[in-house]
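Residues per chain are reported as follows:
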Amino acid sequence: MRCLKLILAVLVLPMISSAQKSLLQQLSPDYLQVQFAGNIGLVSFGVGYNLFKDHLHISFLDGYTPAAIAGSGVNTIAMKASYDLVTVPIANKRAVAYSGLGCNFETTGKGFYTSLPDRYADGYYKWSAVHATFFLGAKLQIWMKKRTSQRLEFYAETGTLDSYLYYYATNPGLRITDMFSAAIGFSYQPGKRQQVK
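Residues numbered from 1 in each chain as written. Predicted model: local features only at pLDDT ≥ 70, side-chain atom pairs only at ≥ 80, totals over all residues. Heavy atoms only, no water.

A. Representation of the overall build of the protein within the structure. If you tally the helices and strands in the protein, you get 4 helices and 8 strands. Start at the N end of the protein and walk to the C end: the helices and strands fall as α-α-β-β-β-α-β-β-β-β-α-β. Per-residue burial over the protein gives 37% buried out of 197 residues. Across the protein, every contact between residues at least 6 apart in sequence was considered, and the portion connecting residues at least 24 apart equals 56%. A total accessible area of about 11,800 Å² is found for the protein, and carbon and sulfur atoms account for 65% of it. (Helix = DSSP H or I, 4+ residues; strand = E, 2+ residues; numbered from the N terminus. Buried < 20%, exposed > 50% of the residue type's maximum accessible area, 1.4 Å probe, protein only. Contact = heavy atoms within 4.5 Å. Areas by Shrake-Rupley, 256 points an atom, 1.4 Å probe, with all protein chains shown as cover.)

B. Just the sheet that holds strand β2 (residues 43-51), in detail. Read around the barrel, 8 strands follow the order β1-β2-β3-β4-β5-β6-β7-β8 and close on themselves; strand pairing throughout is antiparallel. Between one strand and the next, the sheet's axes are offset by a mean angle of 25 degrees, whatever the strand orientation. As paired strands, β2 and strand β3 (residues 56-65) are joined by 9 bridges and run antiparallel to one another. Directly across from V47, in β3, lies its bridge partner F60. Packing of helix α4 (residues 162-170) onto the sheet brings it into contact with β6 (130-143) and β7 (151-161), and relative to β7 it is tilted by some 35 degrees. (Pairing = 2+ DSSP bridges. Axes fitted to C-alpha atoms, helices over the stretch in contact; angles between N-to-C directions.)

C. Geometry of the nonpolar core. Membership of the largest hydrophobic core is limited to 6 residues, which are Y49, L51, L56, I58, F60 and M79. Elements with a minimum of two residues in this core: β2 and β3. The greatest single-element share of this core, amounting to 3 residues, is contributed by β3. (Core = buried A, V, L, I, M, F, W, Y, C linked by side-chain atoms within 4.5 Å.)

D. Representation of the environment of Y166 in the model. Structurally, the position occupied by Y166 is in helix α4. According to the relative accessible area criterion, Y166 is partly exposed, its value standing at 38%. Along the sequence, Y166 and M179 sit 13 residues apart, while their C-alpha atoms lie 9.8 Å from each other.

E. Broad picture of unusual backbone geometry. One non-glycine residue, A37, lies in the positive phi region at around 70 degrees. Mapped onto the elements, A37 comes out in strand β1 (residues 31-37). Overall, A37 belongs to the partly exposed group, its relative accessible area being 29%.

F. Just the pattern of salt bridges, in detail. This model, assessed by the stated rule, comprises 6 salt bridges. As a salt-bridge pair, K80 and E157 come within 2.6 Å of each other at their nearest N and O atoms. In this pair, K80 sits in strand β4 (residues 74-90) while E157 sits in strand β7, placing the two residues 77 residues apart along the sequence. Neither residue differs from the other here; K80 and E157 are each classed as buried. Sharing partners across several salt bridges, the network here consists of D54, D84, R94, K139, R151 and E153. (Salt bridge = Lys/Arg side-chain N within 4 Å of Asp/Glu carboxyl O.)

G. Fine view of the pairing of β1. Where β1 meets β2, 6 bridges bridge the pair, whose relative direction is antiparallel. Looking across to β2, one finds that L32 is bridged to V47. The antiparallel hairpin formed by β1 and β2 contains 5 residues in its connecting segment, where G38 sits at a positive phi of about 85 degrees. One ladder, built from 6 bridges, connects β1 with strand β8 (residues 181-189); its direction is antiparallel. Paired with L32 across the two strands is Y188, which belongs to β8.

This is the structure we're talking about:
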C-alpha cells in the first residue's frame, strides 16, 4: 500500500510544479524509456518525468521476465526516482553519475506474495511481491538538436532490493556480490520544454 501511495504522490508532483499548463501537458511524460534487466524484468518499457531543473527523474516501468528464464512468467511494475549527483558537460553531450530509490511490485508469477500463505510458519519467509530498490548508475546524454531538450540517453546501473540486504545481514554465507544486479537502458526525450545552453 505504501508503494501505491508513493506512486500516486509522484504522479501529482509534475502537475503541482506548473499550474499554468493544461492538464494534458502536465501529464504528458518527458521521455520514453527501455531497460534490460535490473530487478524489473528481462526487458521493461516506460515513461518518465524530469523535475527540479532536470536533476530529479521519475520513471514508471512495466517489466516482464518470460517463463523460460524465471520458471513462470513474471510481470513487474516499478517506479524509479533518481537524482543526478555529478554532471560533466562534453560538447553536445553530458556524462552524469546518479543514484536513486524505487519501488517494485510483482503482479504475476509463482512464489510472489504481498502476505505469506498460511502454509508458511511466521517469520519463515519475507513477503516477495513488493520491494524497495536502491541503485547507482552512470549515463551519457546526447542532445540531438542545439538549444532544445531533444536528446537520447544511454545508461548502466547496479542495484539491489531490500530483501537482498536483509538476507545479506542475516546470512553470513552470502557474498556481497550476490546482492547486486546490473541493468542497461536508454531513453528518448522528444520534448522541447527545457532550453539547453
